[in-house]
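Residue-level structure breakdown
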Amino acid sequence: MFYVDILKCTQTKKVSATSLSGIQCPTTQVCVKKCPSTFWMLPALAYDAGATPKDFFQQQYCDPSLILTSTTLTVQEIIDQELCPHFYVPSTAALGRCLPILSDLKNIPGTFTLAGTASVAETVTKIRSAMGFLISTFHTKAMGVRIFEDFASSWYWILLGLLVAMFVSLVFMLLLRYMAFVVIWVLIAGFLLIGGFGIYYCYMEYKHLSTSSQTIGDLTYNAHISAYLQVKETWLAFVIIMCIVEFIMLAILAYIRRRLAFAVALIEESSKVIGYMMSTLVYPMFSFILLVVCVAYWGITSLFLATSGAPVYRAVSFSNAASPSCSLFDMPCYPETFDATAYPTCPSIRCIFFKYDNTGLIQKNIVVLQIFNVFVFLWLVNFVIALGQCSLAGAFSSYYWAFNKHFDIPRLPLAKAFFCTLRYHVGSLALGSLLLTLFQLPRLILEYLYHKFHDSKNPFGRFMWICLRSCFFCLELFMQFISRNAFINIAIYGESFCLAGRNAFNLKRRNMRRAVVLSYATDVLLFCGKLLVIGANGVLAFYFFSGRITLPDGTFQAEMLNYYWAPIITVVVGSYLIAQGFFSVYSMCVDTLFLCFLEDLERNDGSVQRPYYMSRNLMRILQRSQQK
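Below you will find a few notes about this structure. The structure presented is a predicted model; accordingly, all values stated were derived computationally and were not measured. (Residues numbered from 1 in each chain as written. Predicted model: local features only at pLDDT ≥ 70, side-chain atom pairs only at ≥ 80, totals over all residues. Heavy atoms only, no water.)

1. A short note on the overall build of the chain
For the chain, the count of helices and strands is 15 helices and 9 strands. In the chain, buried positions account for 40% of the 628 residues. Long-range pairs, those at least 24 residues apart, make up 72% of the contacts in the chain with a sequence separation of at least 6. Only carbon and sulfur atoms are counted for the fraction: they give 66% of the accessible area of the chain, which is about 35,400 Å². (Helix = DSSP H or I, 4+ residues; strand = E, 2+ residues; numbered from the N terminus. Buried < 20%, exposed > 50% of the residue type's maximum accessible area, 1.4 Å probe, protein only. Contact = heavy atoms within 4.5 Å. Areas by Shrake-Rupley, 256 points an atom, 1.4 Å probe, with all protein chains shown as cover.)

Have a look at this one:
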């Protein structure tokens, strides 16, 4: 693709308006077999009265509708209508276009001064600017096409990678069910060994540099970070920090060692519950579909609001002619009735879309409506998440409160809990979701204002933004904690949101030590599980799609991919979503069983009249802790 006048691809006022109509560059584009390889510009003799166009132009670079040997147009008319170029420079084929070779511009002739430029240097500057604008506008499109081609040729291998992520997640959950105690202590020992190795490595580096005469005081403030690693004081500080961290880990482990057995037992029980209710592992897919519907609603509504005004069109001329009739940028026009032949002095005039009208009632309040649209979107998303949490909690609690685990568990517990939630608890879920949204929306507005005015030099404004952001972030986390436990209590007892939130918070407050130990233990386990799934699948995808692992029959060739990182990123993101789906169910099961366990301890005493509902495994742990 050859641009007749590449200078019109620069980011001018008219070009930016033209880009609204989808035109990359407002000039004639011609398909050529070969890009030009020399410098050429139309000589002054071409503008003489008796000049013949075929003596100056080359047919291969002109519009196919123009036949130079038989045309009756003059050279000036051909230039005004952009049928042939008035100059070209050495170019190379890139991304399907003829783009100027920047290195050859250093050898531009001294007389190569185009119309509208004062010097050769200005001509070179305009050519460079046009090329930069072209690359920035269509490189994204070209990259998108190539990525799509990669997906089309590797989608089944990506799908296989996601299936591997699902398999690894299931294997890890099976390990937690049958060997939770071993897994937890292996993880704890691993963390301690990593800390010990860090202390050893930092000490050896400090010992190696102990004879060095260079100190940290010899370094400048702006020195590269690698320079700080060459002084002994840095490694001494690392040794001290690592020792402190290792001591804190050992102290915490010594404090929670007795209660860690209960966390292990509860994790094993959660794996057993999920084994009884395998349908709960599929529920995140249903939640994902509902979230996609919410995103689609928000996007369609936002687009409708943005385009609610009537379209406004303007007559724009891309000609370089100096005629007063060509200055029509502010003249409105209508595409249905616009006739370009009515402006013979401006052959390149177009009636293009400029913007949407913003004078109506809706358009004047578009910002308020868009904020309200975001508010509704966040409310719906939080409601969908709350619906999933309450439904899962109802299913898991039905297992705990079944006195005979094999016979008293209801059939289709998840479906029953879901329909029960829709029938009785929608109002409570809506209220909890609304309260959480009221904390999320101000934080999002603060984030938007920060990115809008992040170049501000006002230190007080930055300080206030940091304080408000931290405040709303902490309030949002606290509200998520309250809401999650409130939804569990709602699923168990059918209480209102405020009453359920208060009772759940007081229940955990009365059992603070158990709650903290359980929270840290499960968080570490779930984080390690996600890391295992994502890391293992990501490494496998990297070695496969980069060609380091080859198939014997050659069914997949990595060298045929344009960007091998595209399927790798897709597999990693998909693995994260799959692991998040699996382990979010697991985390909800642990929290539900823990609240049920605490309620069981407070409501019952293990006697014949008030027996415990907990499983035998949890009862053994409880008796052991009471004996100690």
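2. With respect to a nonpolar patch on the surface
Residues Val 539, Leu 540, Phe 542, Tyr 543, Ile 549, Tyr 564, Trp 565, Ile 569, Val 573, Tyr 576 and Leu 577 make up a contiguous nonpolar surface patch of roughly 1,000 Å² in combined accessible area. The set of elements that each furnish at least two residues to the nonpolar patch consists of helix H13 (512-545) and helix H14 (565-603). By residue number, the principal contributor to the nonpolar patch is H14, which donates 5 residues. (Patch = residues over 30% accessible without salt bridge, like charges linked within 9 Å, V, L, I, M, F, W, Y side chains within 5 Å. Salt bridge = Lys/Arg side-chain N within 4 Å of Asp/Glu carboxyl O.)

3. Side note on the state of the cysteines
Any covalent bond linking the sulfur atoms of two cysteines counts as a disulfide. For the structure on display, the rule yields 2 disulfides. The disulfide partner of Cys 35 is Cys 98, and the S-S distance across this bridge is 2.1 Å. Negative torsions about the S-S bond denote left-handed disulfides, and the value of about -85° found for Cys 35 with Cys 98 makes this one left-handed. Of the two residues, Cys 35 is situated in the loop between strand S2 (29-30) and strand S3 (40-41) and Cys 98 in strand S6 (residues 97-100); the sequence distance between them amounts to 63 residues. (Disulfide = S-S within 2.5 Å.)

4. Things to note about empty space enclosed by the protein
Within the structure shown, the criterion is met by 2 cavities of 30 Å³ or more. Counted as a void, the largest cavity has a volume near 90 Å³. Lining the largest cavity, in full, are Phe 2, Tyr 3, Val 4, Asp 5, Ile 6, Phe 87, Tyr 88, Val 89, Ser 91, Cys 98 and Pro 100. When residues of the lining of the largest cavity are traced back to their parent elements, those giving at least two are strand S1 (2-3), strand S4 (87-88) and S6. Looking at the lining of the largest cavity, its residues break down into 9 nonpolar, 1 polar and 1 charged. (1 Å grid on protein atoms, 1.4 Å probe; cavity = no way out; pocket = protein on both sides within 12 Å on 5 of 7 lines; lining within 4 Å. Points joined across faces, edges and corners; volume = space filled by probe spheres on them. Nonpolar A, V, L, I, M, F, W, Y, C, P; charged D, E, K, R; others polar.)

5. Focus on the packing of aromatic side chains
Considering all chains together, one arrives at 26 aromatic pairs under this definition. Each ring, one from Trp 401 and one from Tyr 613, has its centre 5.4 Å from the other, and the planes form 65°; the classification is edge-to-face. Of this pair, Trp 401 sits in the loop between helix H8 (366-400) and helix H9 (413-424) while Tyr 613 sits in the loop between H14 and helix H15 (616-627); the two residues are 212 residues apart in sequence, bridging distant segments of the chain. For Trp 401, a relative accessible area of 23% translates into the label partly exposed. What makes Tyr 613 partly exposed here is its relative accessible area of 27%. Joined through ring pairs, the aromatic side chains of Phe 2, Trp 40, Phe 57, Tyr 61 and Tyr 88 make up one cluster. (Phe/Tyr/Trp six-rings, centres within 6.5 Å; stacked < 30°, edge-to-face > 60°.)

6. Structural notes on the packing of helix H11 (residues 459-493) against H14
Packing of H11 against H14 leaves a shortest axis separation of 10 Å and a crossing angle of 65°. Every pair of crossing elements has a handedness; the one defined by H11 and H14 is right-handed. Taking contact as the criterion, the partners of Arg 484, Asn 485, Ile 488, Asn 489, Ile 492 and Tyr 493 in H11 are, on H14, Ser 584, Ser 587, Met 588, Asp 591, Thr 592, Leu 595, Cys 596, Glu 599 and Arg 603. Classifying every residue of the contact of H11 with H14 gives 6 nonpolar, 5 polar and 4 charged. (Axes fitted to C-alpha atoms, helices over the stretch in contact; angles between N-to-C directions. Left-handed = near helix turned anticlockwise from the far one by under 90°.)

7. Re unusual backbone geometry
The backbone of Glu 82 sits at a positive phi, close to 55°, despite the residue not being glycine. Within the fold, Glu 82 resides in the loop between helix H2 (75-80) and S4. Taking relative accessible area as the criterion, Glu 82 reaches 7% and is therefore assigned buried. Although it is not a glycine, Leu 412 adopts a positive phi angle of roughly 50°. Overall, the relative accessible area of 65% leaves Leu 412 in the exposed class.

None of the figures reported here should be taken as evidence of function without further support.
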